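# Inside the fold
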Amino acid sequence: LNLLKGKKALVTGIANDQSIAWGCAKAFRAFGADVAITYLNDRAKPYVEPLAKEIDAPILIPLDVQQEGQLEQAFEKIKKEWGRLDLCVHSIAFAPKEDLQGRVVDCSKDGFLRAMEISCWSFIRMAKLSEPLMKSGGALFTMTYYGSQMVVEHYNIMGPVKAALESATRYMAAELGPKGIRVHAISPGPLKTRAASGITEFDKLLKKAQSKAPSRSLVSIDDVGVAVAFLGMDGAKLITGETLYIDGGYHIID
Ligand code: 0WD
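Please read these numbers as outputs of a predicted model, since none were measured by experiment.

Cut-offs and rules
- Residues numbered from 1 in each chain as written.
- Predicted model: local features only at pLDDT ≥ 70, side-chain atom pairs only at ≥ 80, totals over all residues.
- Helix = DSSP H or I, 4+ residues; strand = E, 2+ residues; numbered from the N terminus.
- Rg over C-alpha atoms; globule rule 2.2 N^0.38 Å.
- Buried ≥ 20, exposed ≤ 12 C-beta atoms within 10 Å, placed from the backbone.
- Contact = placed C-beta atoms within 7 Å.
- Pairing = 2+ DSSP bridges.
- Axes fitted to C-alpha atoms, helices over the stretch in contact; angles between N-to-C directions.
- UniProt positions renumbered as here; feature names shortened; annotations may be inferred.
- Right-handed = clockwise from strand over helix to strand, strands pointing away.
- Near = placed C-beta within 6 Å.
- Nonpolar A, V, L, I, M, F, W, Y, C, P; charged D, E, K, R; others polar.
- Core = buried A, V, L, I, M, F, W, Y, C linked by C-beta atoms within 7 Å.
- Parallel < 35°, antiparallel > 145°, perpendicular 65-115°, else oblique.
- Left-handed = near helix turned anticlockwise from the far one by under 90°.

## Re the overall build of the protein chain
- Within the protein chain, the regular secondary structure consists of 8 helices and 7 strands.
- For a compact globule of 254 residues, the expected C-alpha radius of gyration is about 18 Å, and the protein chain comes in at 17 Å, within 12% of that figure.
- Summarising its shape, the C-alpha atoms of the protein chain cover approximately 45 × 40 × 35 Å along the three principal directions.
- Buried positions account for 46% of the 254 residues belonging to the protein chain.
- Across the protein chain, the fraction of contacts at a sequence separation of at least 24, relative to all contacts at a separation of at least 6, is 71%.

Structural data, given as structure tokens:
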């Protein structure tokens, strides 16, 4: 079971024990990796701290990607403690409620740019900061959703944002491939998390996901975690630039 033994991982985007990022952190740890985790701010800290303990995380750092210099500080800490990094998970997204719940046509410039900055630009920045630390190669992951490819009711502004994120994933996979760094977008089916609570009629989306998916089942954060852990293993070193659906096969059905 120690297929990630010795690997150093950074997992961002854990808000609580329902977060997709928590599924990733647990799986990394189960396969033997050392996992550093971040929390958004002091309000989030009490929810994340016990989780850090549960997986013996040696590093627990604040990270709000909108705060100037915080991402750099987080990577400085990793550099100081570990001197390197093998795996990095970006599981962060945000759009202001008014923009998320309205038509794309009506979205504000500020809302659009903020959604892009937090949900897409921050992944590019994370890749940039990871590059010098991934000395013997590594893998970067971000979380996306099917609403990037197809018009999903109520996904609205996040559709174009996730489309940009998936495209950035491919470009960065091409650019970092020669250094042995892989870059993947992971596309889970709908999961009831805090982020999902911002989406109107999310329960409807869950119902549809379950009835349409060939597996007839909903995805769990552990399903996502195991798939991400697999892609982080040396055995998966020739897989890169993918958008990997973890959705019970939903996306293949018309
Ligand atoms: O159905 C779903 N839940 C799906 C989520 C299906 C497919 C993809 N995703 C994506 C989301 O779009 C996101 O990119 O997965 C990623 C993780 O989302 P999640 O696990 O569903 O939601 P949550 O547990 O809320 O984690 C997202 C976290 C934030 O939580 P809150 O609830 O506090 O907004 O993203 C983090 C924060 O921890 N986050 C930030 N981190 C750093 N800087 C920032 C920020 N500025 N803003 C939000």
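So much for the structure itself; the text now carries on.
## Let's talk about the sheet that holds strand S3 (residues 59–62)
- Taking strand neighbours across the sheet as the criterion, the 7 strands line up as S3-S2-S1-S4-S5-S6-S7 in an open arrangement whose pairing is parallel. Taken across any chain shown, the strands that pair with only one partner, and hence form the sheet edges, are S3 and strand S7 (243–246). The average angle at which neighbouring strand axes cross in this sheet is 20°, direction not considered.
- Bridge count between strand S6 (residues 181–188) and S7: 4 bridges; the pairing is parallel. Bridged to Ser187 within S7 is Tyr245.
- Against the sheet, helix H1 (residues 20–30) contacts strand S1 (8–11), strand S2 (34–39), strand S4 (87–90), strand S5 (138–143) and S6, and its axis sits at roughly 170° relative to S1.
- Sitting on the sheet, helix H6 (residues 158–176) touches S5, S6 and S7, and the angle it makes with S6 is about 160°.

## Topic: the UniProt feature "binding site: substrate" (unreviewed entry) in the protein chain
- Per the UniProt record, "binding site: substrate" (unreviewed entry) is found at Ala95.
- By the secondary structure assignment, Ala95 is in the loop between S4 and helix H4 (97–100).
- Beyond its immediate chain neighbours, meaning those up to four positions away, Ala95 contacts Leu100, Gly111, Ala115, Ile157 and Met158.

## Here's the deal with the pairing of S5
- Within S5, 6 of the 6 residues are buried, which leaves the element mostly enclosed by the surrounding structure.
- As defined by bridge partners, S4 adjoins S5 across 4 bridges and the pair is classed as parallel. Paired with His90 across the strands is Thr142, a residue of S5.
- Sheet analysis places S5 next to S6, joined by 6 bridges and oriented parallel. Note on S6: the bridge partner recorded for Met143 is Ile186.
- Read as a crossover between parallel neighbours, the route from S5 over H6 to S6 is right-handed.

## Quick notes on the site of the ligand
- Taken together, 26 residues are adjacent to the ligand, and Ser19, Ala93, Met143, Thr193 and Ala195 come closest.
- Looking at side-chain class alone, the shell around the ligand contains 17 nonpolar, 7 polar and 2 charged residues.

## Quick notes on the nonpolar core
- Judged by nonpolar contacts, the single largest core of 76 residues is most densely connected at Val11, Ile14, Cys24, Phe28 and Val228.
- Setting aside residues up to four positions removed in sequence, Phe28 forms contacts with Leu4, Ala9, Val11, Ala33, Val35, Leu87 and Ala229.

## Structural notes on the packing of H1 against helix H8 (residues 221–232)
- In the contact formed by H1 and H8, the axes pass within 7 Å of each other and the chain directions differ by 50°. Between H1 and H8, the angle falls in the class oblique. Crossing angle aside, the handedness with which H1 passes H8 is right-handed. Each of Ile20, Trp22, Gly23, Cys24, Lys26, Ala27 and Phe28 in H1 lies in contact with H8, whose residues at this interface are Ile221, Asp222, Val224, Gly225, Val226, Val228 and Ala229.

## Things to note about the environment of Pro58
- Tracing the backbone through its elements, the reader meets Pro58 in the loop between helix H2 (45–54) and S3.
- Each residue touching Pro58, except ones within four places of it in the same chain, is listed here: Asp34, Ala36 and Glu81.

## Details of the UniProt feature "active site" (unreviewed entry) in the protein chain
- Per the UniProt entry, the sites bearing "active site" (unreviewed entry) are Tyr145 and Tyr155 in this numbering.
- As for its placement among the helices and strands, Tyr145 is situated in the loop between S5 and H6.
- Apart from the residues within four sequence positions on either side, Tyr145 is in contact with Tyr155, Lys162 and Ser187.
- Tracing the sequence through the fold places Tyr155 in the loop between S5 and H6.
- Here Tyr155 is in contact with Tyr145, Gly147 and Ile199, once residues within four sequence places are set aside.

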